[in-house]
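Descriptive structure summary
Letter by letter, the chains look like this.
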Amino acid sequence: MSFFGLDCVKKKEEETERRIRANDREYNLSFRYATNAIKTSKYNLLTFLPLNLFEQFQRIANAYFLCLLVLQVIPVISSLSWFTTVVPLALVLTVTAVKDAIDDIHRHKSDRKVNNRKAQVLINGELRSEKWMNVQVGDIIRLENNQFVTVSLYLPSLEPRGLKLCVKQALTVTGEMGGSIEALAAFKGEVCCEAPNNRLDRFTGTLVWKEQKYPLDNQSVLLRGCTLRNTEWCFGMVLFAGPDTKLMQNCGKTSFKRTSIDRLMNVLVLFIFGFLVLMCIILAVGHGIWEYYEGSKVTGFVPREESRGPALSAFLMFWSYIIILNTVVPISLYVSMEVIRLGNSYYINWDRLMYYNRSDTPAEARTTTLNEELGQIRYIFSDKTGTLTQNIMTFNKCSINGKSYGTSLLEAVKLETEEVHNFFRLLALCHTVMAEEKNNGQYLVYQAQSPDEGALVTAARNFGFVFRSRTPESLTIVEMGVQRSYELLAILDFNNVRKRMSVIVRSPEGTLSLYCKGADTIIYQRLHESCSKLMEVTTEHLNEFAGEGLRTLVLAYKDLDEDYFSEWLQRHHEASTALEGREDKLNELYEEIEKDLLLIGASAVEDKLQDGVSQTIEQLAKADIKIWVLTGDKQETAENIGYSCNLLREEMTDVFIVAAHSTEDVLLYSVTVLTLRVHWFCFCCLLCLCFCLRSFSSFFILLRNARAKMRPNAGEDAFFIPESILGNDPKVVQDETVNGEFGLVINGHSLAYALESSMELEFLRTACMCKTVMCCRVTPLQKAQVVELVKKYKQAVTLAIGDGANDVSMIKAAHIGVGISGQEGMQAVLSSDFSFAQFRFLQRLLLVHGRWSYLRMCKFLRYFFYKNFTFTFVHFWYAFFCGFSAQTVYDQSFIALYNLVYTSLPVLGMALFDQDVNDGWSLEFPQLYVPGQLSLYFSKTAFMKCALHSCYSSLVLFFIPYATVYDSMRSDGKEGADYQSFALLTQTCLTFTVCLQLSLDLSYWTAVNHLFVWGSLGMYFIVTFTMQSDGLYQLHPPSFFFVGTSRNTLDQFSVWLTVFLTAVLCVLPVLVHRLIFIQFKPTINDKVHRQSSYFNTTRPSPQRRTKIRRSSTRRSGYAFSHTQGYGDLVTSKRTLSTPLPAPLFKNQRY
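Since the structure is predicted, the reported quantities are computational estimates derived from the model, not experimental observations.

**Notes on the nonpolar core**
- Within the largest apolar cluster, 90 residues are counted, with the highest numbers of intra-cluster contacts made by M265, L276, Y321, F860, L861 and F865.
- With 18 residues, the top contributor of residues to this core is helix 29 (residues 841-879).
- Setting aside residues no more than four positions away along its own chain, L276 makes contact with Y64, I322, L325, V328 and V329.
- Formed by 45 residues, the second largest nonpolar core is a distinct cluster that contains A365, V613, V797 and L799.

Set out below in structure tokens:
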């Protein structure tokens, strides 16, 4: 049961295992498993009003004004009418409630859209179309090709026909049911499996059916978030739904995100409360003293009760001044901030330069509360595939027999050079790709486990070596128009340790050959010594390809002896069926046969970056934003992309790679590095990892020496974690200066050690000294942990950007989450705060919209506090001249309308339209972004300066009008020193001064700004003359006792001279301060603004970029697959049927 959003039901006991019976909803419902319905909305029609008001009054300012309203209905302490508080409070609550209602309506629509999507569910023996939210654990559902999986499924049945490479396999015993609805409806199998958890790489369970037990593992389960590929349809039994799925378990908790300005505002509001209480105590004590010495002398003018002594009178006066001075706490501040954020969010939505035409995708601000946080980003955590790259691979260049080929490759193929043909023959045979014909043979489609493999096989097809089909025992290719069938004898599959793949085939002529492709460093170790000269030439070509950021593979082959291979094959069969040490025995056999290879050449594949990625990263780096790449891809792949997009550069002092897979590897790696005398920076990173592995004592001295070289003048801080970090709670790791630029590449295994509590500080200090950090082979949970680590120990704002479901956890963990709507679904977008289609839009989001939003919000806050403090402090000075009687210095209508009418629109106009420089100059000078990172525009120091300026202005605004009317005489000979004339003069001076101050703060005047500023001044005079007119006085004399004051006061020349003098004196210190600093200590904003004014241009002309060619000393790694290959699956005979007919279609397209 839920009451006002509060869960009143006792939580069910923690699940230890899960039991599910197929096609038995009644049995499964007894366990109260989570349903597949999602709910992100907060309110309904009944709970909206009470719950929304409850939430709004949790804000300190709203609760404070509610208490003020209660105090104002007590006549003995109230000197203000109740409407002066009710009107602004009601307006604030109403505007906020309307905004919350609109947001929740959108959430309801989104929930309904998702929950009402259709799924085919097997119910009562027939396939029915059901809504997603009605799918329950134990249901049998049907999925079709390219359909998004919304639950975690066990696969009872897959499409049995067609040449498919299906990674997830149905059990043989259930796969026999095929697509028979009758057989599936009669299926009553019971699954006992693990409880919901976040382990994506493991699943343990058993299927009990017909009194037999069958093991279930990760190969029999489809997880939520993936898409069905390589099969037309499948049936699945729902094991986990909704929040219980592994994907949702990895997503982390959705926390309420607040900006750093919001957190600072909470501190400042508490300070303001304390300052308000202090002022009221001072005035209450003053009233008690005045009452004791002077109270008896004015009883004829101010009657008082005899029983009320000075102490009681001072106590009551304390509460009266709490009411009078309440404007020091800005009630309209929060609602104004919400309006500003909403407006700046629409600017992002409307920005045509962030619209991606190809996919018809505009940028979208999915939240309206984090805009200014975009102007303070220090760390960006980015996914790689689909975020930095297009995930599209193209064959670019190659080296064959010592000759580099580019556009001339086609001519070499036509010349029928044996080496060239052998090169493409290898590409057409050495892979695990599946071929599928579409449209009755009109199109040949390749299903590849990775884009790299698909690109290489496609390249072979384009150059005349067409891979047609495969069976577990054969490969059929078309070589220059001639169809040939090779007998497939063995696949020596790829894994992360081998970094290579081989196939052993027998040609139609009977030749027995081994074809191998892999990383250059791995293949070179296995080449025949006769290839030494060819290897040198090929190495030069590899360096050239790597300099262009291409991903390379080295290709080699050898012919095998029949007798040797027969004996080897027998030993291979024995090793593959061994119960113990199977992998080690197979690896030994692979090492044995993969030696004395003959080098063919090397291929170069381009993983195309998204447009503008390199330029965006370069601009963000100039803005002092550090980019960490967190990817599930292999280390070599990440390195390639790092160099391609300028995250890693050859000019760096060192790029250190930590690629250990176990505790022993880390220790061994450390010793190896020490032996080879690698750069001292490498020592530091490795020793940090050794400390995590409890090996710190052995390397402590070396760590001290490494830090001493890194920071020679740092003293003990270079050796140990400084006390300034250890002694603080929370601990803060400050930025440290190092000599040179460094990069760090670390894999998931090493990262797991580095994230341990005993190691995290050392790892973070080392990583933060690097210009770029790339974490490879990381899980979604590790991505979130890295983000949380930086948030925990660095006083910095973080942003996470990704495009897939595996990025959701880090998107939720970061201060700002950005989703890219790309090829991997919408899960990242749905969990993000901002979304767009291309990574390059990030620079505009941060450097333009983020910076503008932060600058506008800071200007708004400074001005808002200035005008409210100035307004309130005048009351404080006036108390010393009215016997501390809580009399107001202004007309009550002016008090009620000051923040709502006279000063609200000008400051909103500034906060919505102001620009210090236009978007072109913002992108031309990314250094403009740095002040936001350092919180220079608004901080506690800036707040105190604002308060001091307000104090000075209030003194001027009170004492100059006071001196003007003191013992003054009007032009008609009547006395001008009356309370009403003084009140009108003071509030007029105040209104003019705050408008003039805002005019000085505005950098960019628009027609709207002119309308708001001058319109507000005009509105002040219109309302003042109306409220003090004879007509309103006659309607209700007690409420309009300032009758005729404006008419009799504002016709005096001395009044307007006073208004001018006070306004000038109030802004004069600001003008002098700005002039001095602009001349002698200009900021980056001043320099750019001066330059833009000098050139008198709306947008700087783009600089021509020169293309720099890198000569690389590193070679691109083997970027071939993310996980263990599928060789076993290809040769298992579980997914392949008979080959396609041999004859080619005459009009078939390759």
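**Notes on helix 36 (residues 1007-1027)**
- Between its first and last C-alpha, helix 36 extends 29 Å over 21 residues, near the 30 Å set by a 1.5 Å rise per residue.
- Looking at helix 36, one finds that the buried residues are N1009, F1012, V1013, S1016, L1017, Y1020, F1021, V1023 and T1024.
- Next to the buried residues of helix 36 lie helix 30 (892-902), helix 31 (904-913), helix 35 (979-1001), helix 38 (1045-1049) and helix 39 (1053-1080).

**Things to note about unusual backbone geometry**
- The residue N23 is not glycine, and still its phi comes out positive at about 60°.
- Tracing the backbone through its elements, the reader meets N23 in the loop between strand 3 (17-21) and helix 1 (25-29).
- A positive phi angle is found at S935, which is not glycine, with a value near 55°.
- Summarising the element assignment, S935 is placed in the loop between helix 33 (930-933) and helix 34 (940-965).

**Quick notes on the pairing of strand 5 (residues 126-131)**
- In the sheet, strand 4 (residues 118-123) pairs with strand 5 via six bridges, with the strands oriented antiparallel. The residue bridging L122 from the neighbouring strand is L127, located in strand 5.

**Details of the sheet that holds strand 13 (residues 364-365)**
- The strand order across the open sheet formed by nine strands is 13-32-31-30-14-26-29-28-27, and the pairing between neighbours is mixed. Two strands bound the open sheet, and with one partner strand each, they are strand 13 and strand 27 (654-658).
- Bridging between strand 30 (residues 797-802) and strand 31 (residues 816-820) involves four bridges; their strand directions are parallel. Across the sheet, A800 pairs through a bridge with G817, a residue of strand 31.
- Along the sheet, helix 25 (residues 760-768) contacts strand 14 (377-382), strand 26 (626-630), strand 28 (742-747) and strand 29 (772-776); its crossing angle with strand 26, the most-contacted strand, is approximately 120°.
- Contacting strand 14, strand 26 and strand 30, helix 26 (residues 780-793) crosses the sheet at an angle of about 155° to strand 26.

**A closer look at the confidence of the model for the protein**
- Averaged over all residues, the pLDDT of the protein is 79; the fraction at 70 or higher stands at 79%.
- Of the regions scoring below 50 in pLDDT, residues 1-11 engages in eight contacts with residues more than four places distant in sequence or in other chains.
- Note that pLDDT drops below 50 for residues 1137-1150; the model gives that stretch 34 contacts with residues more than four away or on any other chain.

**Observations concerning the pairing of strand 19 (residues 465-471)**
- In terms of burial, strand 19 is a largely internal element, seven of the seven residues being buried.
- Where strand 19 and strand 20 (residues 474-479) come together, six bridges link them in antiparallel fashion. Counterpart to S469 in the pairing with strand 20 is T476.
- The antiparallel hairpin formed by strand 19 and strand 20 contains two residues in its connecting segment.

**Section: the packing of aromatic side chains**
- If you walk through the whole model with that rule in mind, you get 59 aromatic pairs.
- Considering the side-chain rings of Y43 and F48, the 5.2 Å spacing of their centres and the 90° angle between planes classify their relative orientation as edge-to-face.
- F48 gets classed as partly exposed once you look at its relative accessible area, which sits at 22%.
- Residues F836 and F841 carry aromatic rings whose centres are separated by 6.1 Å and whose planes lie at 85° to one another, so their mutual orientation is edge-to-face. The pair formed by F836 and F841 is uniform in burial state, with each residue classed as buried.
- What links up through ring pairs into an aromatic cluster is the set F871, Y890, F894, Y898, Y902, F992, Y1020, F1021 and W1056.
- Directly above the ring of Y33 sits R18, whose terminal nitrogen or CZ lies 4.0 Å from the centroid.
- Sitting over the ring of W209, K210 keeps its end group 4.6 Å from the ring centre.

Rules used throughout
- Position numbers for residues count from 1 along each chain, tracking the sequence in the order it is written.
- Only residues with pLDDT of at least 70 get local features here, since the model is predicted, and only at 80 or more are side-chain atom pairs given and counted; chain-wide, interface and lining totals rely on the full set of residues.
- Here the side-chain values reflect all heavy atoms present in the structure, with hydrogen atoms and water set aside.
- What is meant by a nonpolar core is a set of buried Ala, Val, Leu, Ile, Met, Phe, Trp, Tyr and Cys residues, joined one to another through side-chain atoms within 4.5 Å.
- Throughout this description, buried means an accessible area under 20% of the type-specific maximum (1.4 Å probe, protein chains only), exposed means over 50%, and partly exposed covers the range between.
- A helix here means a DSSP run of H or I that spans at least four residues, while a strand means a run of E at least two residues long, and both kinds are numbered starting from the N terminus.
- Only heavy atoms matter for contacts: two residues are in contact if any of them lie within 4.5 Å across the pair.
- Multiplying one less than the number of residues by 1.5 Å gives the expected span of a helix.
- Pairing between strands is defined by DSSP: at least two bridges between the two strands are required.
- Each axis is a line fitted through C-alpha atoms, and for a helix only the stretch in contact is used; angles between axes span 0 to 180 degrees, taken between their N-to-C directions.
- The quantity called pLDDT is the predictor's confidence in a given residue, expressed from 0 to 100.
- Pairs were defined over the aromatic rings of Phe, Tyr and Trp, the Trp ring being its six-membered one, requiring ring centres within 6.5 Å. Orientation was assigned from the angle between planes: stacked under 30 degrees, edge-to-face over 60, tilted for the rest.
- Remark: a charge is flagged as sitting over a ring if the NZ atom of Lys or the CZ atom of Arg is within 6 Å of the ring centre and within 35 degrees of the ring normal.

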